[in-house]
Amino acid sequence: MSFAPDFQITQLQHSPITQSIYNPCMLGLALTGVATLGAVAAGYQSMAPTGQWYGRTFTGLGRGTKQIALTYDDGPNDPHTLRLLEVLAQHDVRATFFLIGRYVQLRPEIAREIVKAGHIVGNHTFTHPLLIFKSAAEIRQELSGCRSALQDAIGEDSSLISNLFRPPFGGRRPAVLRIAREMGLEPVMWNVTGYDWNAPPCAVIEQKVAKQIRGGDVILLHDGGHKHMGADRSQTVVATDHLINSYKSEGYEFGTIPQMLEGRA
Ligand SMILES: [Zn+2]
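Please read all numbers here as calculations on a predicted model, not as lab measurements. (Residues numbered from 1 in each chain as written. Predicted model: local features only at pLDDT ≥ 70, side-chain atom pairs only at ≥ 80, totals over all residues. Heavy atoms only, no water.)

A.B. asks: Before we move on, could you go through the packing of aromatic side chains and cite the residues and values that matter?
C.D. replies: Considering all chains together, one arrives at 3 aromatic pairs under this definition. Judged by centre distance (5.5 Å) and plane angle (45°), the ring pair of Tyr-195 and Trp-197 falls under tilted. We classify Trp-197 as buried; its relative accessible area is 16%. Relative to Tyr-252, the ring of Tyr-247 lies with its centre 5.6 Å away and its plane at 80°, an arrangement referred to as edge-to-face. For Tyr-247, a relative accessible area of 8% puts it in the buried group. The residue whose ring lies beneath Lys-66 is Tyr-252, and the NZ or CZ to ring-centre distance is 4.2 Å. Against the face of Tyr-195 rests Lys-208, its NZ or CZ located 5.1 Å from the ring centre. (Phe/Tyr/Trp six-rings, centres within 6.5 Å; stacked < 30°, edge-to-face > 60°. Buried < 20%, exposed > 50% of the residue type's maximum accessible area, 1.4 Å probe, protein only. Lys NZ or Arg CZ within 6 Å of the ring centre and 35° of its normal.)

A.B. asks: A description of the coordination of the zinc ion should follow, citing residues and the corresponding values.
C.D. replies: Only Asp-74 (OD), His-124 (NE2) and His-128 (NE2) from the protein coordinate the zinc ion, and they sit 2.1 Å from it. Look at where the donors of the zinc ion fall in the sequence and you get D-x49-H-x3-H. With Asp-74 in strand 1 (residues 67-75) and His-124 in the loop between strand 3 (120-123) and helix 7 (136-154), this pair connects stretches of sequence that are 50 residues apart. Exposure remark for His-124: the relative accessible area of 0% places this residue in the buried category. (Donors = N, O, S within 2.8 Å, 3.2 Å for Na, K, Ca; no water. Helix = DSSP H or I, 4+ residues; strand = E, 2+ residues; numbered from the N terminus.)

A.B. asks: Any chance you could break down the nonpolar core for me, citing the residues and the numbers?
C.D. replies: Grouped together as the largest cluster of nonpolar side chains are 36 residues, with contacts concentrated most on Leu-70, Leu-88 and Phe-97. Contributing elements (two or more residues each) for this core: strand 1, helix 4 (80-90), strand 2 (96-99), helix 6 (108-116), helix 7, helix 9 (202-212), strand 7 (217-222) and helix 10 (234-249). Residues contacting Leu-70, with those up to four places away along its chain left out, are Leu-88, Val-93, Ala-95, Thr-96, Ile-219, Leu-221, Thr-240, Ile-244, Phe-254 and Gly-255. Grouped together as the second largest cluster of nonpolar side chains are 13 residues, Phe-98, Leu-220, Ile-257 and Met-260 included. (Core = buried A, V, L, I, M, F, W, Y, C linked by side-chain atoms within 4.5 Å. Contact = heavy atoms within 4.5 Å.)

A.B. asks: Go over the pairing of strand 1 with me, naming the residues and quoting the values.
C.D. replies: Most of strand 1 is tucked away, with 8 of its 9 residues classed as buried. The pairing of strand 1 with strand 8 (residues 253-255) spans 3 bridges and is classified as parallel. Paired with Ala-69 across the two strands is Gly-255, which belongs to strand 8. Here strand 1 runs beside strand 7; their pairing, made up of 6 bridges, is parallel. Considered in strand 7, the bridge of Leu-70 is made with Ile-219. (Pairing = 2+ DSSP bridges.)

A.B. asks: Which residues make up helix 10, and what are the values?
C.D. replies: The terminal C-alpha atoms of helix 10 lie 23 Å apart, and with 16 residues this matches the ideal 22 Å at 1.5 Å per residue to within 8%. Next to the buried residues of helix 10 lie strand 1, helix 4, helix 9, strand 7 and strand 8. Where helix 10 ends, the next residue or the one after it, Gly-251, has phi of about 90°, a positive value. (Expected span 1.5 Å × (residues − 1).)

A.B. asks: For the pattern of salt bridges, give the residues involved together with the corresponding values.
C.D. replies: Enumeration according to the criterion identifies 8 salt bridges in this entry. Asp-73 is paired through a salt bridge with Arg-166; the nearest N and O atoms lie 2.9 Å apart. You can see Asp-73 sitting in strand 1 and its partner Arg-166 sitting in the loop between strand 4 (164-165) and helix 8 (174-182), a full 93 residues away along the chain. Considered together, Asp-73 and Arg-166 belong to a single accessibility category, that of buried residues. The partner of Asp-92 in a salt bridge is Arg-94, with the nearest N and O atoms 2.9 Å apart. On the basis of relative accessible area, Asp-92 is assigned to the exposed category, the value being 56%. Classification of Arg-94 as partly exposed rests on a relative accessible area of 28%. Put simply, Arg-140, Arg-178 and Glu-182 are held in one network by salt bridges that share partners. (Salt bridge = Lys/Arg side-chain N within 4 Å of Asp/Glu carboxyl O.)

Shown next as structure tokens:
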């Protein structure tokens, strides 16, 4: 699962607390307020998918670009990942999957199927912890654990396993991004959230996505659930079918994150 708060940082900057800073009687309160806002903002930036305070991360191409990248987190998941692969194949669309290492160990054959179908697989840690609370050693262990699981399942051929990494819950701080890059991994976030982790009806997922699409988008969806294998992702599978139909008819092309990154270069 990954999540993002529903508010924007710009809204915080217009709050009454910051406006009261010019009243001397309010100064103490205001400073406390500013400190609190700072902490809230810092917390927000550590989780917000498009926040860049803690280091540059890829969140999509320029607004208006007629390209969309579908990304799926928390797999491989039995049986929904395979059903999703069928839908993507029907549309001849390639997507990007951020896999959890311990699930790859449980279902290596599904990880192989994803790669065989031409999709991109990336690193989503071994056990899906919130990395902002982990030590440097633990962060390294999570990233290398997932990498080893992917190599055991798919093979050592580095062309089959991408260097892309998505932090669980979107949580990061400078150390998380630095360690990932030291290990040769490129952090990838997103700009459109499908809010599908609680398995809402497909229409809800589609509406949430439609409200955020502006072109050049990276859409966050889930083919698995980080709490257990077998999470129901049938509605995400149906939503994927509908989203591809709808945005292809509007002239959008669907591609993988590496394809998007090439386009950017
Ligand atoms: Zn996740």
